[in-house]
Amino acid sequence: MASRVAARLARASVPYQDIARLKYVSGSREEALHRLGIQTVGDLLLHIPRRYLDFTHAYSIEQAPLNTVCTIVATVDRIVEKRPRPRMTVTEVYLADATGVLQVAFFKQPWIARDLSVGDRLAVQGKIEFAYGFKQMSSPHYEKLDASSASGSIIPVHPVGEGISQAWMRRIISGALEFAADFPDSLPAHLRARRGIMSISRAVRCIHFPSSMGERDLARRRLAYEEVLLLQLALRLRNDANLLDVAPVEHVAGEHMERLLQALPFALTDEQRAAVDDILGDMKDGGRVMNRLLLGDVGTGKTAVALVALASVADTGTQACVMAPTGVLAQQYAVKSMPLLEQAGVSSALLTGSTSASDRQEILAGLASGSIDVLFGTHAVLSDDVQFRHLSLVVIDEQHRFGVGQRNALRAKGAGADLLVMSATPIPRTLALSVYGDLETSIIRSRPVAGAGVSTRVLDAANRDIAYGAIRDALAEGRQAYVICPLVSERDDTEELEDVPGIERDEEGRERAKPVLHAVETELAHLRSVFADARVEMLHGRMGAREKDAVIERFRSGDIDILVSTTVVEVGVDVPNATVMVIENGERFGLATLHQLRGRVGRGEHAGSCYVINQAYSGKGRKSAATDRLEALEKTSDGFALAEMDLRLRHEGEILGLRQHGGVSLRFIDLDADTDLIEAAHDDAMELLRYAPTLSSHATLPLRYLVVETYGDIFKEVSGG
């Protein structure tokens, strides 16, 4: 009852009011706001600026330092349109103030000549250079200023669209802030005091109209803290053991587990033993369900750790299920694990989409009767007819490739089942806390039984023959090779920066040769001509599951010499005889992906070599960001160190595809800079849920409603919710 009252009150509050109630909002401006996805006052207040023009540090043209990003306010003196070649336009705008003239060039933006007029007061923000007697900027951010844009202030630049200008957006948001006044804060006062963060009213005002950039940063941190706290609460509430009605099985170590440890061909490392202790400790706790993430770089022995947990399930007479994202991975798990489980007296089976009807029926009967202890499989295990006698452990490999719904669907087959998710993608702690906030984490960094290892070398396109020579040498020794491309087909290249074929520009407007993007389909024909005696085949994600599995099986069995593929082989494809990998357009991939890819070679007794072809532009005496990434890849094999660098360079969404993880989208948090906020939000979420497990107390009801608004009604399964 209390929660329903809170919901009604919340919906009546200012943020949920229609924008039509605001002054300046009607007719075409209301329609323009709707096109931007703004329906309510709250939507408008969270339509934050994409950048700021900091006039508190604006320079005159004469004083603006060279090779530095500056803000300059000046008057449009002259506009010149040039067309140096067909389909190429350059708009030159000459700005003047009392100290000099600044030449500003805009490439392939002819509309700017129509947008600006002589006499306009303009703020430009970009890098200052000097050439041909003028200080210059290339393609800067710019903003036309009106009389209200006072020098010495900070002007927000909001995302806008057709029908609404920057000036009108600022005017409307200012009116919305006046309309909202001091709206209530959902965060408990003691948390705001403990963490020293702004109230929500002040934060929203300061994020739009800060008096200083420092104040803007404090406002962003307040919004970032709330964003991560809500995510932590949502993840915990969605999967926390407290939400399950059935008590978990209290697992105990027994004969099967001891026999499994003896069957392993190597002794567990200290890190593996620590991970085993974490897992068994969780499984022995009959008061709560295990929710644990096992992170381990390529080759660190996560499977061996999982096998110990699987064997312990047999000691309690219950069952386990291991779900992998592809049939190839599921089969690899089964091939590696089944013989060891058999030695430990643990029965197991493999169920995929390609399992025959007769075998499937036999497996289903074994699961229902309990004669099968462990099931390995793909999404096929989610079918309604797959029923266990008593499922007590769920193991999911490469968790980020599954949605939360799939994870929960498998757990639903065994009420109170423990959960162990594994990932070979090294994830920085801050990212793990944010995306997997519902899971305790165990990490394995060292490789207990590594292959011969892999060396990495970055080449430019002119030296590709070095990589081809390595492939020839490998084939002559009876080995195999991968060639990785960023595209399936040349038709997929939709990222052209210029309409002129063969031309693009760097960040400062200078022309450069456009790199060739390699596609699997065209590379297949090319490599068949280069390696005429080799058996060259292709693999990519658009192929059907059975076709992909068949190609990988032929490669594994040695019937294919060179496999031309996209990143579909990134995780899990295990072919010890493959010793060379060539990655085309290495500049197009993040470090995490490149590290995973090179982990496919050097997995057996023969050393592996990875050649990364870098076609990223870098001017004379300068390095591109992509080149810096690739040099780091050459220097270290530490996947976690590379993941930290990847996080700084590419941000979280590009590493894991966060929107696939239960709709997670982080707008305000900086996972590299806000480590303290993430840790604080994690701890505070745990404290809040200990105090009010379903956030139903008077103090936490506003937070409960915010969680529902942001992540949906996750309280349906909560007892008493």
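The paragraphs below set out a description of the structure included in this document. Per-chain numbering applies: the sequence of each chain, read as written, is numbered from 1 onward. In view of the model being predicted, local features appear only for residues whose pLDDT reaches at least 70, and side-chain atom pairs are presented and counted only at 80 or more, with totals across whole chains, interfaces and linings using the full set of residues. Only hydrogens and water are set aside when side-chain values are computed; all heavy atoms of the structure are taken into account.

### Topic: the overall build of the protein chain
Strands here mean DSSP runs of E at least two residues long; helices mean DSSP runs of H or I at least four residues long; both are numbered from the N terminus. Assigned secondary structure in the protein chain consists of 24 helices and 24 strands. Sorting the 721 residues of the protein chain into buried and exposed places 54% on the buried side. If you take every contact in the protein chain between residues at least 6 apart in sequence, the share linking residues at least 24 apart comes to 73%. When the accessible surface of the protein chain is summed, it comes to about 30600 Å², and 49% of that surface belongs to carbon and sulfur atoms. Using a 1.4 Å probe on the protein chains alone, a residue whose accessible area is under 20% of its type maximum counts as buried, one over 50% counts as exposed, and one in between counts as partly exposed. It only takes one pair of heavy atoms within 4.5 Å for two residues to be counted as in contact. Note on areas: Shrake-Rupley with a 1.4 Å probe; residue coverage comes only from the protein chains shown.

### Looking at the pairing of strand 10 (residues 291–296)
Extensive coverage of strand 10 is indicated by the burial of 6 of its 6 residues. Residues Asn291, Leu293 and Leu295 of strand 10 are buried on one face, and the alternating residues Arg292, Leu294 and Gly296, pointing to the opposite face, are buried as well. One bridge is not enough; two strands pair if DSSP finds at least two bridges between them. Pairing of strand 10 with strand 15 (residues 418–423) involves 5 bridges; the strand directions are parallel. Bridge pairing in strand 15 links Asn291 to Leu419.

### A look at the packing of helix 9 (residues 255–263) against helix 11 (residues 302–315)
The interhelical angle for the contact between helix 9 and helix 11, taken along N-to-C directions, is 150°, at an axis separation of 7 Å. Classified by the angle between their axes, helix 9 and helix 11 sit roughly antiparallel to one another. When the axes of helix 9 and helix 11 are compared, the crossing they make is right-handed. Residues Glu255, His256, Met257, Leu260 and Leu261 of helix 9 lie in contact with helix 11, whose contacting residues are Leu307, Val308, Ala311, Ser312, Ala314 and Asp315. Amino acids outside the nonpolar list (Ala, Val, Leu, Ile, Met, Phe, Trp, Tyr, Cys, Pro) and the charged list (Asp, Glu, Lys, Arg) are all regarded as polar, and Gly is one of them. When grouped by side-chain class, the residues that make up the contact of helix 9 with helix 11 number 7 nonpolar, 2 polar and 2 charged. A fitted line through C-alpha atoms represents every axis, and for helices the fit uses only the stretch in contact; the resulting angles, taken between N-to-C directions, go from 0 to 180 degrees. Roughly parallel means an angle under 35 degrees; roughly antiparallel, over 145; roughly perpendicular, 65 to 115; everything else is oblique. Helix crossings are classified by the rotation of the near helix relative to the far one: an anticlockwise turn of less than a right angle makes the crossing left-handed, while a clockwise turn makes it right-handed.

### Let's talk about the packing of aromatic side chains
Working definition: a ring pair exists when centres of Phe, Tyr or Trp rings (six-membered ring for Trp) sit within 6.5 Å. Plane angles under 30 degrees give stacked, over 60 give edge-to-face, the rest tilted. Evaluated as defined, the whole model comprises 5 aromatic pairs. Plain terms: the ring middles of Tyr482 and Phe555 are 5.0 Å apart, the flat faces sit at 65° to each other, and that makes the pair edge-to-face. Of the two residues, Tyr482 is situated in strand 18 (residues 480–484) and Phe555 in helix 18 (residues 545–556); the sequence distance between them amounts to 73 residues. Here Tyr482 falls in the buried class, since its relative accessible area comes to 0%. Charge over a ring is defined by NZ of Lys or CZ of Arg lying within 6 Å of the ring centre and within 35 degrees of the ring normal. The lysine or arginine in question, Arg29, covers the ring of Trp168, its NZ or CZ lying 3.8 Å from the ring centre. The ring of Tyr94 has Arg78 lying over it, and the distance from NZ or CZ to the ring centre is 4.2 Å.

### Things to note about the environment of Arg546
Residue placement: Arg546 occurs in helix 18. Classification of Arg546 by relative accessible area gives exposed; the value is 60%. With residues near it in sequence (within four places) discarded, Arg546 still touches Gly353 and Ser354.

### A closer look at empty space enclosed by the protein
Detection works on a 1 Å grid of protein atoms alone, calling trapped sets that fit a 1.4 Å probe cavities and calling open sets with protein on both sides within 12 Å along at least five of seven lines pockets, with lining residues defined by an atom within 4 Å of a point. Grid points are joined across faces, edges and corners, and a volume is the space filled by probe spheres set on the points. Taken as a whole and judged by the stated rule, the model has 2 cavities of 30 Å³ or more. Empty space within the largest cavity amounts to approximately 50 Å³. As for the largest cavity, its lining consists of Thr303, Ala306, Leu307, Leu310, Val322, Tyr333, Ser337, Phe376, Val395 and Met422. If you list the elements that add at least two residues to the lining of the largest cavity, you get helix 11 and helix 12 (327–343). Of the residues in the lining of the largest cavity, the class split is 8 nonpolar, 2 polar and no charged.

### A word on helix 11
Along its 14 residues, helix 11 runs 21 Å from first to last C-alpha, staying within 8% of the 20 Å computed at 1.5 Å per residue. Most of helix 11 is tucked away: 12 of the 14 residues are buried. Phi turns positive one or two residues past the end of helix 11, at Gly317, with a value near 70°. By this rule the span expected of a helix is its residue count minus one, scaled by 1.5 Å.

### As for helix 9
By the burial criterion, the buried members of helix 9 are His256, Met257, Leu260 and Ala263. An end-on view of helix 9 places all buried positions within 120° of arc, on one side of the element. Summarising the geometry of helix 9, the exposed residues directed more than 90 degrees from the buried face are Glu255 and Gln262. Here the buried face of helix 9 lies against helix 10 (270–284), helix 11 and helix 12. Think of the arc as the fan of directions from the helix axis to the C-beta atoms.

### Observations concerning the sheet that holds strand 22 (residues 562–565)
One open sheet holds the 6 strands; their spatial order is 17-24-23-18-22-21, and the pairing between them is parallel. Since the sheet does not close on itself, it has two edges, and those belong to strand 17 (454–460) and strand 21 (536–539), each with one partner. Averaged over all pairs of adjacent strands, the angle between their axes in this sheet comes to 20°, without regard to strand direction. With 7 bridges connecting them, strand 17 and strand 24 (residues 608–614) associate as parallel partners. Looking at the pairing, Leu459 lines up with Ile613 of strand 24. Set on the sheet, helix 16 (residues 464–476) makes contact with strand 17, strand 18, strand 22, strand 23 (578–583) and strand 24; between it and strand 23 the angle comes to about 160°. Lying on the sheet, helix 17 (residues 520–530) is in contact with strand 18, strand 21 and strand 22; it crosses strand 21 at an angle near 170°.

### Re the sheet that holds strand 15
Spatially, 12-13-11-14-15-10-16 is the arrangement adopted by the 7 strands of the open sheet, whose pairing is parallel. Looking at which strands have only one partner, the edges of the open sheet turn out to be strand 12 (348–351) and strand 16 (440–444). Neighbouring strand axes in the sheet, compared pairwise and without regard to direction, differ in orientation by 20° on average. The pairing of strand 14 (residues 391–397) with strand 15 spans 5 bridges and is classified as parallel. Paired with Ile396 across the bridge in strand 15 is Val421. Its contacts with the sheet put helix 11 on strand 10, strand 11 (319–323), strand 13 (374–377), strand 14, strand 15 and strand 16, and the angle it makes with strand 14 is roughly 170°.

### A word on unusual backbone geometry
Even without being glycine, Lys108 reaches a positive phi, approximately 55°. Mapped onto the secondary structure, Lys108 falls in the loop between strand 4 (100–107) and helix 4 (111–115). Residue class for Lys108 comes out buried when judged on its relative accessible area of 19%. You will see that Tyr132, though not glycine, has its phi angle at about 55°, which is positive. Note on placement: Tyr132 falls in the loop between strand 6 (129–131) and strand 7 (134–138). In this structure Tyr132 comes out as exposed when scored by relative accessible area, which is 78%.

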